[in-house]
Amino acid sequence: MKENLYLEIIRKQQELINLMLKTEIGTDIKETPAFETELKNNAVIEIEQSQNNDTKCDISGFEKWLKRKGMSQNGIDSYLYTVKEFYKKYGILNNENLEKYENYLKENWKPKTVNLRIAAMTKYFKYINYTEYEFLRLKDQKQTFCDNVINDEQYTELMSWAKLNMPKVWMICRVMASTGVRVSELIELKTADLEKGYADIVGKGNKQRRIYYTKSLQEEIKEQCGVVYIVENRYGLKMSTRGVSQLLVTASDRSGVPREVMHPHSFRHYFAKQFMKQTQDISLLGDILGHSSISTTAIYTRMTSQEQKDEIERLVNW
């Protein structure tokens, strides 16, 4: 294909030269090696431009493709951000730019972030059927603790403050901490299901599971639920995941609870840890959280580094 395009360009250029010679225009133009080199360079440029058209950014199509794959909205937003960032920084998707991008990531970001960006780009490669480049993931040392998760004291402080000052934040945190739902699942919960005491939901990876509302939770939130959705925005519509996250940030600034623990997933972890304090049935917990692997569930039950330290202080007395 490249050769044919190159020869076609050469042929058209030569026809133009012959025409100019016949009309005595530019009679000093000759088929010199330098001229042939210029023609070749022009051909290469046109070939590269043709190839670049095959790898142009297709954010809209990528987003639809990810949704069909059952990815959560948070995951989709993260992947779209990565691809947009790459094209904004390098313009063209080719091996040279991908290598630059990989080096940039590894020089400037922690392994977890690097691997997240690599996962996004790799998924994009799959979408556009690009097989000419493969990233090398970094090995991230697994931590035996889980920080940035709200603890008992912070949770109590937050709920006392929010009930009086930001009732919607209170309800959001109460529901997530009592059911273990993801934020993408939270915004889909219907008010009509509250009275039943459970809701059948479709979570990450299009996996279906059932979550339960305790009687105490039903009584506490039934007067504050929206008409259609348990959590609705000021216009009576379903909230976005970003809207929920922003409310938590605002609550953090006003309540004094640290920002690093005021994110939606923090309350899913909190549910898991409270659950394991009451029972050691990690298999049941995994079912409730919608995990396929017990090893994933175990991550949610880990102590923070401070909790580990306090526990060692309590236990080590020899």
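Definitions and limits used
Residues numbered from 1 in each chain as written. Predicted model: local features only at pLDDT ≥ 70, side-chain atom pairs only at ≥ 80, totals over all residues. Heavy atoms only, no water. Helix = DSSP H or I, 4+ residues; strand = E, 2+ residues; numbered from the N terminus. Buried < 20%, exposed > 50% of the residue type's maximum accessible area, 1.4 Å probe, protein only. Contact = heavy atoms within 4.5 Å. Areas by Shrake-Rupley, 256 points an atom, 1.4 Å probe, with all protein chains shown as cover. pLDDT = per-residue confidence, 0-100. Salt bridge = Lys/Arg side-chain N within 4 Å of Asp/Glu carboxyl O. Core = buried A, V, L, I, M, F, W, Y, C linked by side-chain atoms within 4.5 Å.

Draft legend 1. Quick peek at the overall build of the protein chain. Looking only at helices and strands, the protein chain has 15 helices and 2 strands in total. Expressed as a percentage of the 318 residues in the protein chain, the buried residues total 38%. Counting contacts in the protein chain only where the partners sit at least 6 residues apart, residues at least 24 apart contribute 63% of the total. Accessible area of the protein chain: about 19900 Å², with a carbon and sulfur share of 50%.

Draft legend 2. How the structure looks around the confidence of the model for the protein chain. Residues of the protein chain with pLDDT of at least 70 account for 80%, and the chain-wide mean is 83. The least confident element of the protein chain is helix α2 (residues 33-53), whose mean pLDDT is 43; the most confident is helix α8 (residues 167-179), at 96. Scored below 50 in pLDDT, residues 25-54 shows 23 contacts in the model against residues more than four places distant or in partner chains.

Draft legend 3. Layout of the pattern of salt bridges. Per the counting criterion, the structure on display carries 14 salt bridges. Across the pair Glu188 and Lys238 runs a salt bridge, and its minimum N-O distance is 2.9 Å. Of this pair, Glu188 sits in the loop between α9 (183-186) and β1 (198-202) while Lys238 sits in the loop between α10 (215-221) and α11 (241-255), placing them 50 residues apart in sequence. The partly exposed category is assigned to Glu188, whose relative accessible area is 39%. Taking the relative accessible area as the measure of exposure, Lys238 reaches 34% and is therefore partly exposed. Between Glu219 and Lys222 there is a salt bridge; the shortest N-O distance is 3.2 Å. Residue classification places Glu219 among the exposed residues on the basis of a relative accessible area of 52%.

Draft legend 4. Structural detail: the nonpolar core. Counting 39 residues, the largest nonpolar core has Leu186, Leu189, Ile221, Ile230 and Phe267 as the members making the most contacts within it. Broken down by secondary-structure element, the contributors of at least two residues to this core are α7 (152-165), α8, α9, β1, α10, α11 and α12 (264-278). Ranked by residues supplied to this core, first place goes to α8 with 8 residues. Ignoring sequence-local partners within four residues, the contact set of Ile221 consists of Trp170, Met171, Val175, Leu194 and Ile230. Counting 24 residues, the second-largest nonpolar core is a separate cluster that includes Ile59, Phe62, Trp65 and Tyr79.

Draft legend 5. The arrangement of the environment of Ile59 in detail. Take Ile59: it is sitting in helix α3 (residues 59-68). For the pair Ile59 and Val83, spaced 24 residues apart in the sequence, the C-alpha separation amounts to 7.7 Å. Once you skip the residues sitting within four places of it in the chain, Ile59 turns out to touch Leu80, Val83 and Lys84.

Draft legend 6. Expanded view of unusual backbone geometry. In this structure, Asn129 is a non-glycine residue whose phi angle is positive, near 60 degrees. With respect to the helices and strands, the residue Asn129 is situated in the loop between α6 (111-128) and α7.

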